[in-house]
Amino acid sequence: MRRLAIAQKYALALFEEAEKLKSLDKINNSLKKISEAILGKNEQIKIFDNPIIQKADKISLIKSNFNSYGETIINFLLILLEKKRLHILFEILYEYEDLIKKHNNTVDATVNSTFPIEENLIKKLKIQLEIFTGKNIILQTEIDNSLIGGITVRIKDTLIDGSIKNKLAQLKNILLNN
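Conventions we followed
Residues numbered from 1 in each chain as written. Predicted model: local features only at pLDDT ≥ 70, side-chain atom pairs only at ≥ 80, totals over all residues. Heavy atoms only, no water. Pairing = 2+ DSSP bridges. Helix = DSSP H or I, 4+ residues; strand = E, 2+ residues; numbered from the N terminus. Right-handed = clockwise from strand over helix to strand, strands pointing away. Salt bridge = Lys/Arg side-chain N within 4 Å of Asp/Glu carboxyl O. Buried < 20%, exposed > 50% of the residue type's maximum accessible area, 1.4 Å probe, protein only.

S.K.: Looking at this model, I keep getting lost on the pairing of strand 2 (residues 136-143). Mind explaining?
M.R.: The side chains of a regular strand alternate between the sheet's two faces. Judged from the eight bridges that link them, strand 1 (residues 106-113) and strand 2 form a sheet pairing that is parallel. By the bridge assignment for strand 2, Val 107 is matched with Ile 137. Since strand 1 and strand 2 lie parallel, the crossover through helix 7 (residues 119-133) that links them has a hand, and here it is right-handed.

S.K.: Help me understand the pairing of strand 4 (residues 158-163) in this model?
M.R.: Across six bridges, the pairing between strand 3 (residues 150-155) and strand 4 is antiparallel. Bridge pairing in strand 4 links Val 153 to Ile 160. Two successive antiparallel strands, strand 3 and strand 4, enclose a turn made up of two residues, where Lys 156 displays a positive phi of approximately 55°.

S.K.: What is the right way to look at unusual backbone geometry in this model?
M.R.: The phi torsion of most residues other than glycine is negative, and most of the peptide bonds are trans. Residues other than glycine seldom take positive phi values, yet Lys 84 does so here, at roughly 55°. With respect to the helices, strands and loops of the structure, Lys 84 is situated in the loop between helix 5 (71-82) and helix 6 (89-103). Despite not being glycine, Ile 148 has its phi angle at roughly 70°, a positive value. Considering the arrangement of structural elements, one finds Ile 148 in the loop between strand 2 and strand 3.

S.K.: I keep staring at the pattern of salt bridges and nothing clicks. Help me out?
M.R.: Pairs can form between side chains of opposite charge whenever their charged atoms are close. Counted by the stated rule, this structure contains seven salt bridges. Put simply, Lys 32 and Glu 97 hold a salt bridge, and the shortest N to O gap is 3.5 Å. Separated by 65 residues along the polypeptide, Lys 32 in helix 2 (residues 24-39) and Glu 97 in helix 6 bring together distant segments of the chain. Judged by relative accessible area, Lys 32 falls into the partly exposed class, the value being 36%. With its nearest N and O atoms 3.4 Å apart, the salt bridge here joins Glu 130 to Lys 126. Placement of both Glu 130 and Lys 126 in helix 7 is noted, with a separation of four residues, approximately one turn of the helix. Glu 130 sits in the partly exposed class, given a relative accessible area of 23%. Accessibility expressed as a relative area gives 31% for Lys 126, which makes it partly exposed.

Okay, structure coming up:
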């Protein structure tokens, strides 16, 4: 089974449990910190992947290092350890955060422009994008000098291209085809 499909299943199981406990954000924050602790340092994950280290020692390591995160997280990590899935913790975290966004009717959007956009224009754009998508928008802005002017907006797989670069490319195609 592909890593993504496996990560989605584990994320869904954790999400459903967190939803029952009304602790979606708490578990998300815990998962972020633990992912960094385990996978951020290559040495940590090597301990859990090492067949020489006894399973009981690995369990003890998880319980002693992550006990402050609560029973749900400890049990989840122990299941991942048992199934040899700790190495996909980042993928699980990504899928878990995606489930939270769906639950909150939220979507990420990225606006690219050639210059910094004023805050009041960002707020207006965010409102328009929320009307357009029917979802709450988490808006990020980035500078892209290759656009020449104008902006592009990416929401998941949708690209709204209002850049000068795109307009020039369209004009070029029209001129070459005529």
